[in-house]
Amino acid sequence: MKKKWWHEKIGYQIYPKSFLDTNGDGVGDLTGVIEKLPYLEQLGVDILWLSPVYPSPMVDNGYDISDYENIDPRFGTLEDMDRLIAEAKKKNISIIMDLVVNHCSDQHAWFRKAIADPKGPYGDYFYLKEGKDGKEPNNWRSYFGGSVWEKLPGQENLYYYHAYAKEQPDLNWENPALREEIYKMVNWWLDRGIAGFRIDAIINIKKDLTWEDLPVDGPDGRGFLTNSITRMQKRDGGTKNGIGVFLRELKERCFAPHDAFTVGEVFEVDREQLEEFIGEDGYFSTMFAFDPIQSYKKGTCQCEFDRNMNPDEWKRDVFVNQKLLGDIAFEANIIENHDMARGATIYIPDEDYGFASISALAGLQVLQRGMPFLYQGQEIGMTNCPFELEDIDDIMTLDNYRYAVACGFPEEKAFAGCARESRDNARTPMQWSDAENAGFTTGKPWLKVNPNYPEINVARQEKEYGSVLNFYRRLLCFRKSEEYRDLLTYGTFEPMYEDQERIFAFKRTLGKQCLTVICNESSAERFLTLKEDYEEVVFVNLPQVTRIGDNLILHPYQLIVVETTKK
């Protein structure tokens, strides 16, 4: 594998709206990010991904963009953005932004012009279709529930397509003029000094232009739109001649000339597509490792999902994914992000929550092969928030709740499940201290603060050597240490002790160097018969390591990294 500048880096996602508010309006801002750069530097972060800070009506919390080349006044100004880029660079931290080009806001100038003149040039920036038999053009269901079609304002039988909310019309990538506008904007930001992009919902930019109805899969008489993507790819023999044409052009026109770091939001790809998307000459630098973190999601409604990730299913899926990747590519390994519930809640039973379990989870993520990508608050063990219906801001959660009720689930069960999976769990304000509103704002926070902030916060953990925060700092330092950096970056990944329940273990090997990571993912003490000898213990989350002959005694949620002799 050809070495890239980003291979040894640690990524960290910031949700600016909830990170730090410096002007008391209850909304985080760019000045808050600048203020916390020393904190991020000390943590060991190299690449910062900012969720959208562009002007937006905030129907979908910034993922409905009304102006791609500006900063929303809630977050600051372009000058603030330039200052953030410059100050971060002084600390060897690169800034990447969210690239949201599957759709825009219905308040964007392009869409307003399309409404004014549907047959004019801007009408072709979107997917506009006539209705069929007095109804929508087809029966596809959007990601947020309901039809993917909405009547164009002022029209009787003309609809526009939206994969997400009706306020987020999809952009027509089939139109070369639209693509030119996007490339111009992307290069404008790269020339301004950002290092690259996280690319949102990118798999959706290629549509099934037959617009044929899908098999009905719910009580609403609709079919989920992702099935149209699967159908299209099967019909076209993959993605190279479909979406690949667009992505190759985007890379060649924008990313490659700037040596930009790009991480794609891409799901469920096979080995051939892995090389296509993130191989040596892939469309993106990397993509998030979503497949291994989806196994607990079972059922058609969120309220049917299991309460916790099954450790053995997670281990199995990680091993399958690592084998699939081999040495062809790096993925960005995650536990949580802004679109998910909190990892400390999903992976860890409530009764087991604590330093040992959180630090074990951290070690298993960071020491795998791939690029570790943390999410704000993960480093202090932030958890899901207890919500009531009136607390919910997220449009997707509300739509999922309504859909669950329509499917026949009792309202209480429907809300409990949807609240547990709500994206708002990851979007509650960052818990900086035990001061009012967790030190996030002096005003009224835009979203409920998790009431556990007096116990879980940065200030408290900074003072405790044995805190989750200080463990993350030691862990990232170990990952980037001169002695083990190359091994933990480029070393092979070999599953170990696969037949042992709730034992998650793997070996990393590079040349003559070998490290074996062993973790007891349970609340019970375990005896593990060693299959190989080890030279020394080089990293742990719990201080006492006990070995009796060939048996290793593992305390609950104990993580051990041992240097082993290569045979």
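Calculation notes
- Residues numbered from 1 in each chain as written.
- Predicted model: local features only at pLDDT ≥ 70, side-chain atom pairs only at ≥ 80, totals over all residues.
- Heavy atoms only, no water.
- Helix = DSSP H or I, 4+ residues; strand = E, 2+ residues; numbered from the N terminus.
- Rg over C-alpha atoms; globule rule 2.2 N^0.38 Å.
- Buried < 20%, exposed > 50% of the residue type's maximum accessible area, 1.4 Å probe, protein only.
- Pairing = 2+ DSSP bridges.
- Axes fitted to C-alpha atoms, helices over the stretch in contact; angles between N-to-C directions.
- Parallel < 35°, antiparallel > 145°, perpendicular 65-115°, else oblique.
- Left-handed = near helix turned anticlockwise from the far one by under 90°.
- Contact = heavy atoms within 4.5 Å.
- Salt bridge = Lys/Arg side-chain N within 4 Å of Asp/Glu carboxyl O.
- Expected span 1.5 Å × (residues − 1).
- Arc of directions from axis to C-beta.
- Disulfide = S-S within 2.5 Å.
- Patch = residues over 30% accessible without salt bridge, like charges linked within 9 Å, V, L, I, M, F, W, Y side chains within 5 Å.
- Areas by Shrake-Rupley, 256 points an atom, 1.4 Å probe, with all protein chains shown as cover.
- Lys, Arg positive; Asp, Glu negative; His and termini not counted.
- Charge placed at Lys NZ, Arg CZ, Asp CG, Glu CD.

1. Thoughts on the overall build of the protein
Of the regular secondary structure elements, the protein holds 17 helices and 21 strands. Here the C-alpha atoms of the protein give a radius of gyration of 24 Å, agreeing with the 24 Å that 2.2 N^0.38 yields for 567 residues. By its C-alpha atoms, the protein is 80 × 55 × 55 Å across when sized along the principal axes. In the protein, which comprises 567 residues, the proportion classed as buried is 62%.

2. Remarks on the sheet that holds strand β19 (residues 546–548)
Pairing within the open sheet is antiparallel, and its 3 strands lie in the order β17-β20-β19. Here the strands that pair on one side only, and so sit at the sheet edges, are β17 (526–529) and β19. With strand direction ignored, the average angle separating the axes of adjacent strands in the sheet is 30°. Judged from the 4 bridges that link them, β17 and strand β20 (residues 551–554) form a sheet pairing that is antiparallel. The residue of β20 that forms the bridge with L528 is L552.

3. Some words on the packing of helix α5 (residues 176–192) against helix α7 (residues 243–258)
Direction vectors running N to C along α5 and α7 enclose 25°, while the axes themselves pass 10 Å from each other. By the angle class used here, α5 and α7 are roughly parallel. Of the two elements, α5 crosses α7, and the hand of that crossing is right-handed. From α5, R179, E180, Y183, V186, N187, L190 and D191 reach across to α7, where they touch F246, E249, L250, R253, C254, F255 and H258.

4. Quick word on the pattern of salt bridges
Opposite charge on two side chains lets them pair, provided their charged atoms get close. Inspection of every chain in the model, using the stated rule, returns 37 salt bridges. For D281, the salt bridge identified is with K251, shortest N-O distance 3.2 Å. Of this pair, D281 sits in the loop between α8 (271–278) and β11 (286–287) while K251 sits in helix α7, and the two are 30 residues apart along the sequence. For D394, the salt bridge goes to R427, with nearest N and O atoms at 3.9 Å. Placement of the pair is D394 in the loop between β13 (371–375) and α12 (395–406) and R427 in helix α14 (residues 424–427), with a sequence separation of 33 residues. Each member of the pair D394 and R427 is classed as buried. A single salt-bridge network, built from bridges that share partners, covers D60, D339, D394, R423 and R427.

5. Points about helix α3 (residues 78–90)
If you check α3, its first and last C-alpha atoms are 19 Å apart, about what 13 residues at 1.5 Å a residue would give, namely 18 Å. Along α3, the residues classified as buried are L78, D80, M81, L84, I85 and A88. Seen along its axis, α3 keeps its buried residues to an arc of 160°; they face one direction. Away from its buried face by more than 90 degrees, α3 exposes E79 and K90. In this fold, the buried residues of α3 make contact with α1 (30–35), α2 (37–43), β2 (47–50), β3 (94–99) and α5. Just downstream of α3 lies N92, where phi reads positive at about 60°.

6. Some thoughts on the state of the cysteines
The tally for this structure, following the rule as stated, stands at 0 disulfides. Cysteine C104 is unpaired, with the sulfur of C254 as its nearest cysteine sulfur at 18 Å. When its relative accessible area of 0% is taken as the criterion, C104 is described as buried. The structure places no disulfide on C385, whose sulfur is separated from the nearest cysteine sulfur, that of C418, by 16 Å. What makes C385 buried here is its relative accessible area of 6%.

7. A few points about a negative patch on the surface
Residues E482, E483, E535 and E536 make up a contiguous surface patch of negative charge. The topology assignment puts E536 in strand β18 (residues 534–540). On the basis of relative accessibility, which here comes to 43%, the residue E536 falls in the partly exposed class.

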